[in-house]
Amino acid sequence: ALLRAHDWAATPLGPPAAWPAELRTLAAILLGASQPMFVVWGPGRTLLYNDGYAEILAAKHPAAIGHDFLAVWEEIRA
């Protein structure tokens, strides 16, 4: 629900209606998956993920939605 409710227009991806078909397809797959999944998209490395991956993010969730993957996981950047 958080992924669907997120203000994507405020991210480098823009509103979901303007997303390429490939990204919309990947988002639909991860939202329907029972295992943890995430997608990192575009030059801004924008992070999308499902509820299973939210558990992996722990305290980083829900602030990680729509942010740069490497900013969210700064500790692995190197």
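Before going into details, it helps to say that this report is about the structure given with it. All chains use their own residue numbering, which begins from 1 and follows the written sequence. With the structure being a predicted model, the display of local features is reserved for residues of pLDDT at least 70 and the display and counting of side-chain atom pairs for 80 or more, all residues being used for whole-chain, interface and lining totals. For the side-chain quantities, the full set of heavy atoms in the structure was used; hydrogens and water were omitted.

Moving on, we come to the pattern of salt bridges. Whenever a carboxyl oxygen of Asp or Glu lies within 4 Å of a side-chain nitrogen of Lys or Arg, that contact is scored as a salt bridge. Taken as a whole and assessed by the stated rule, the structure comprises two salt bridges. One salt bridge connects Arg-45 with Asp-68, and the closest N-O pair in it is separated by 2.8 Å. Here the residue Arg-45 occupies a position in the loop between β1 (38–41) and β2 (46–49), and Asp-68 occupies one in the loop between α3 (51–57) and α4 (69–72), the gap between them amounting to 23 residues. Classification of residues uses two cut-offs on accessible area relative to the type maximum, computed with a 1.4 Å probe and protein chains only: under 20% is buried, over 50% is exposed, and between them is partly exposed. The exposure class of Asp-68 is partly exposed, given its relative accessible area of 22%. The numbering of helices and of strands both runs from the N terminus, where a helix is a DSSP run of H or I of at least 4 residues and a strand a run of E of at least 2.

Expected span of a helix: the number of residues minus one, times 1.5 Å. The first and last C-alpha atoms of helix α2 (residues 21–32) sit 17 Å apart over 12 residues, in line with the 16 Å expected at 1.5 Å per residue. Looking only at α2, the buried set comprises Leu-23, Ala-27 and Leu-30. For α2, the angular spread of the buried residues around the axis is 70°, confining them to a single face. Away from the buried face of α2 by more than 90 degrees, exposed residues Glu-22, Ala-28 and Gly-32 are located. Turning to α2, the residues buried within the fold contact α1 (2–5), β1 and β2. Read the arc as the range of directions from the helix axis to the C-beta atoms. Contact between two residues is taken to exist if any of their heavy atoms lie within 4.5 Å; hydrogens are not considered.

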